[in-house]
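# Breakdown of the fold
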Amino acid sequence: ATLAPLLQVRDVTVRYGAITAVHGLSLHVDAGEIVAIVGPNGAGKTSLLSSIAGLVRPQAGAILLRDVTLETVGLENVVRHGIALVPEGRNIFASLTVLENLQLGATIRRDAAVRSDLQAFFESFPILGERRNQPAGLLSGGEQQMLAIARALMSRPTLLMLDEPSLGLAPKIVEQVYAELERIRDGGVTILVVEQNAARAFAVADRAYVMRHGRLALAGTPDELRAHADFDAAYFGVS
Ligand code: ATP
């Protein structure tokens, strides 16, 4: 028997009062993939991730992780089921130390490997290891993005979601963040990444979806999308 996709979004609608941010959208993510969602400002990308993460409850539709229904279980249980979100703007706690920020990411865990995970992280990112007892607010933007990703990984997710991880970072730092995403995927964590920087996301994505006005405009491999005559129109909303 073939396994169900790791994540299935089925006909999901997200409304804020009179505004419909996501209109009956469906997509899936298979285990082991990096899937990108691209699209212009206001297309509904953040709202879609928020609904998967349990931050907002969709008005309609279903969200499944394998065969577990997520759209009604709430934020904490979504994390327990193995989904972690790195939000837009990173949400680092500036006055807490680097170590404390990481420990917050592990609060749902009761296993003894938290310490060894912290150790491994500090070995991979020596700069953060040296600064483990300094306030996270003193880190550079790129270091804060790495910290936000590491904090999300501290819950040992099966699916890591990131909202605009390149936002506000210098191109060289963006390269480092994306190289890290590939390493994380190769380590067995599935990734769903929202980006306005489509070119960057396409360089690592196995598949991508283009969102526009709360709906999917296109879907396919990055090569298929780049070759698609409607790609620019779908992306920039020209019609
Ligand atoms: P961005 O990259 O600017 O975040 P996006 O593609 O992530 O864009 P969303 O942030 O999901 O898009 O916004 C989709 C629509 O929903 C927009 O019209 C936005 O103004 C509206 N919206 C988003 N969050 C809220 C909210 N909390 N309350 C009311 N309207 C909202």
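Residues numbered from 1 in each chain as written. Predicted model: local features only at pLDDT ≥ 70, side-chain atom pairs only at ≥ 80, totals over all residues. Heavy atoms only, no water.

Under an unreviewed UniProt entry, the name given to the protein chain is ABC transporter ATP-binding protein, and the organism recorded is Microbaculum marinum. Taken from UniProt, the Sequence similarities (unreviewed entry) comment for the protein chain reads in full: "Belongs to the ABC transporter superfamily." (UniProt positions renumbered as here; feature names shortened; annotations may be inferred.)

## Looking at the sheet that holds strand β1 (residues 7–16)
Within a sheet, adjacent strands bond to each other through the backbone by hydrogen bonds, running parallel or antiparallel. Reading across the sheet, the four strands line up as β2-β1-β4-β5 and stay open at both edges, with antiparallel pairing between neighbours. Pairing within the sheet leaves two strands with one partner each, and these edge strands are β2 (19–29) and β5 (68–69). Where β1 meets β2, seven bridges bridge the pair, whose relative direction is antiparallel. Across the sheet, L7 pairs through a bridge with V29, a residue of β2. Helix α1 (residues 45–52) rests against β1, β2 and β4 (60–65) of the sheet, and its axis sits at about 115° to β1. (Pairing = 2+ DSSP bridges. Helix = DSSP H or I, 4+ residues; strand = E, 2+ residues; numbered from the N terminus. Contact = heavy atoms within 4.5 Å. Axes fitted to C-alpha atoms, helices over the stretch in contact; angles between N-to-C directions.)

## A short note on the environment of L27
Within the secondary structure, L27 sits in strand β2. For the pair L27 and V9, spaced 18 residues apart in sequence, the C-alpha separation works out to 5.1 Å. Discounting chain neighbours no more than four positions away, the residues touching L27 are L7, Q8, V9, I37, L48 and Y209.

## Digging into helix α3 (residues 98–105)
Of the positions making up α3, those classed as buried are V98, L99, N101, L102 and G105. Burial along α3 is one-sided: seen end-on, the buried residues are contained in an arc of 160°. Buried residues in α3 make contact with α4 (114–124), α5 (126–130) and α6 (141–153). (Buried < 20%, exposed > 50% of the residue type's maximum accessible area, 1.4 Å probe, protein only. Arc of directions from axis to C-beta.)

## Remarks on the side chain of E195
With respect to the helices and strands, the residue E195 is situated in strand β8 (residues 190–195). Buried charge without a salt bridge: E195, with R200 as the nearest opposite-charge side chain at an N-O distance of 7.9 Å. A distance of 2.7 Å separates polar atoms of two side chains, one belonging to E195 and the other to Y178. Within polar-contact distance, the side chain of E195 engages the backbone nitrogen of N197 at 3.2 Å. The contact partners of E195, leaving out residues within four places of it in the chain, are I37, V38, G39, K45, E164, P165, S166, Y178 and A201. (Lys, Arg positive; Asp, Glu negative; His and termini not counted. Salt bridge = Lys/Arg side-chain N within 4 Å of Asp/Glu carboxyl O. Polar contact = N/O pair within 3.5 Å; in protein donor to acceptor, adjacent residues only side chain to side chain.)

## Concerning the pairing of strand β10 (residues 215–220)
Sheet topology places strand β9 (residues 207–212) next to β10; five bridges connect them, and they run antiparallel. What sits directly across from M211, in β10, is L216. Where β9 hands over to β10, the hairpin turn is made up of two residues, of which H213 adopts a positive phi near 50°.

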